[in-house]
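One-letter residues, chain by chain:
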Amino acid sequence: MGQNKRIRILDVPVDMVNNKQAMEIFEGLMELPGCSLIVTPNSEIIMNATKDTELKMLIEEAGLIIPDGIGLVYASKIIKEPLSERVTGVDFLNSILAYLEKTGKSIYLLGSKPANAESASVAELAAQNMQIKYPNLKIAGTHDGYFKKEEEAALVDEINESGAEFLCVALGAPKQEKFIYEHRDEFKHVCAGIGVGGSLDVWAGTVKRAPKFYQDHGLEWLYRFVKEPSRYKRMAQLPLFMVKVLTTAKNSSV
Ligand code: UDP
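Values in this document were obtained by computation on a predicted structure and should not be read as measured data.

**Focus on the pattern of salt bridges**
Then, number 1: In the structure shown here, the tally under the stated rule is 15 salt bridges.
Then, number 2: Here Lys149 and Glu152 are joined by a salt bridge, their closest N and O atoms 3.2 Å apart.
Then, number 3: For Lys149, a relative accessible area of 55% corresponds to the exposed category.
Then, number 4: Judged by relative accessible area, Glu152 falls into the buried class, the value being 10%.
Then, number 5: Salt bridges here are not isolated pairs; linked through shared partners, they connect Arg8, Asp11, Lys56 and Glu60.

**Thoughts on the site of the ligand**
Then, number 1: Surrounding the ligand, one finds 16 residues, the nearest of these being Ser112, Gly145, Lys175, Asp201 and Arg224.
Then, number 2: The side chain of Ser112 places a nitrogen or oxygen atom 2.8 Å from an oxygen atom of the ligand.
Then, number 3: In this structure, a nitrogen atom belonging to the ligand sits 2.7 Å away from a main-chain N or O atom of Gly145.
Then, number 4: Contact with the protein chains covers 80% of the free accessible surface of the ligand, which is 550 Å².
Then, number 5: Classifying every residue of the shell around the ligand gives four nonpolar, six polar and six charged.

**Observations concerning the environment of Leu167**
Then, number 1: Its place among the elements puts Leu167 in strand β7 (residues 166-170).
Then, number 2: On a C-alpha basis, the gap between Leu167 and Phe187 in space is 9.9 Å, while along the polypeptide they are 20 residues apart.
Then, number 3: Leu167 has contacts with Tyr108, Leu110, Ile159, Phe179, Phe187, Val190, Ala192, Gly193 and Ile194, leaving out every residue within four places of it along the chain.

**Quick word on the side chain of Glu177**
Then, number 1: Relative to the elements of secondary structure, Glu177 occurs in helix α8 (residues 175-183).
Then, number 2: Once you skip the residues sitting within four places of it in the chain, Glu177 turns out to touch Leu37, Val39, Leu58, Gly172 and Gly195.

**Section: the sheet that holds strand β8 (residues 192-195)**
Then, number 1: In space, the six strands of this open sheet follow the order β4-β3-β8-β7-β5-β6, with parallel pairing throughout. Either end of the sheet is taken by a strand with one partner, and the two such strands are β4 (64-65) and β6 (138-143).
Then, number 2: With four bridges connecting them, β7 and β8 associate as parallel partners. If you follow Leu167 over to β8, its bridge partner there is Gly193.
Then, number 3: This element, α8, spans β3 (36-39), β5 (106-111), β7 and β8 of the sheet and lies at about 165 degrees to β8.

**Focus on the pairing of β8**
Two faces belong to every sheet, and in a regular strand the side chains alternate between them.
Then, number 1: Burial of the side chains of β8 extends over both faces: Ala192 and Ile194 are buried on one face and Gly193 and Gly195 on the other.
Then, number 2: Of the pairings in the sheet, the one linking β3 to β8 comprises three bridges and is parallel in character. Across the sheet, Ile38 pairs through a bridge with Ile194, a residue of β8.
Then, number 3: With α8 bridging β7 and its parallel neighbour β8, the resulting β-α-β unit is right-handed.

**Comments concerning the packing of aromatic side chains**
Two aromatic rings are characterised by how far apart their centres lie and by the angle between their planes.
Then, number 1: Counted under the stated rule, the structure contains six aromatic pairs.
Then, number 2: On the numbers, 5.2 Å between centres and 80 degrees between planes, the contact of Phe26 with Tyr99 is edge-to-face. Within this pair, whereas Phe26 is found in helix α1 (residues 19-29), its partner Tyr99 is found in helix α5 (residues 89-103), the two being separated by 73 residues in sequence.
Then, number 3: For the ring pair Phe26 and Phe166, a centre distance of 5.6 Å and an interplane angle of 85 degrees mean the geometry is edge-to-face.

Rules used in this analysis
Residues numbered from 1 in each chain as written. Predicted model: local features only at pLDDT ≥ 70, side-chain atom pairs only at ≥ 80, totals over all residues. Heavy atoms only, no water. Salt bridge = Lys/Arg side-chain N within 4 Å of Asp/Glu carboxyl O. Buried < 20%, exposed > 50% of the residue type's maximum accessible area, 1.4 Å probe, protein only. Near = heavy atom within 4 Å. Polar contact = N/O pair within 3.5 Å; in protein donor to acceptor, adjacent residues only side chain to side chain. Areas by Shrake-Rupley, 256 points an atom, 1.4 Å probe, with all protein chains shown as cover. Nonpolar A, V, L, I, M, F, W, Y, C, P; charged D, E, K, R; others polar. Helix = DSSP H or I, 4+ residues; strand = E, 2+ residues; numbered from the N terminus. Contact = heavy atoms within 4.5 Å. Pairing = 2+ DSSP bridges. Axes fitted to C-alpha atoms, helices over the stretch in contact; angles between N-to-C directions. Right-handed = clockwise from strand over helix to strand, strands pointing away. Phe/Tyr/Trp six-rings, centres within 6.5 Å; stacked < 30°, edge-to-face > 60°.

These results come straight from atomic positions and should not be treated as a statement about function.
In structure tokens form, the structure reads like this:
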């Protein structure tokens, strides 16, 4: 720990790490007292952080800031502090699950859609599939992501009573990061928490991850846009982000 470099993109910090280095930092965080926050910013989150002071502050305080997005890799090249690769949240979660299985530390899955008449909740389905891939993984509990503010105290109690040492939160960004940050001092056993967006849906099989071609060419955003055109407003942030990075780099070099 402590050897990795933290670069700043639009004045938002990002750790210069690949998957292996990110895991080394993560393992260190799991040994520290208190609950560390892990964030996985993409260009949309960086853009939001330039306007949302709470989001910016929590990223500044995060124990690990993983570059999750091809836009960040391009931006890092523009500012001449190139990131070697993007570390996708989905791949990083896989590495975390393998570590948790190996060490016997338990995970709590919070977020995504509740159960309905036809199916268990997304978090429960994700738990079942994680258990198939990682048979010795200890899943301390699950809860859906549609709760009211006044229900949060009971939810934190439930997470504490479960004994979970790692918290995986799928509420969408930045709600998930704010949830972990706001409650970090109330957790009794949780050593670290991460916001994973739609990853529980992918684990549950309710949403498909982009095919490998899209993943390999940094085009997951395009696949997602084709599947969910209603996200166009959010996706319009990517070109805006690139323009902002370019103009900021140009202005600072004159
Ligand atoms: N979600 C949730 N509670 C909410 C809003 C969203 O549990 O109040 C879940 C939603 O069901 C989905 C995930 O959060 O599983 C958001 O996924 P998305 O891919 O949109 O994440 P983002 O791209 O915003 O990180």
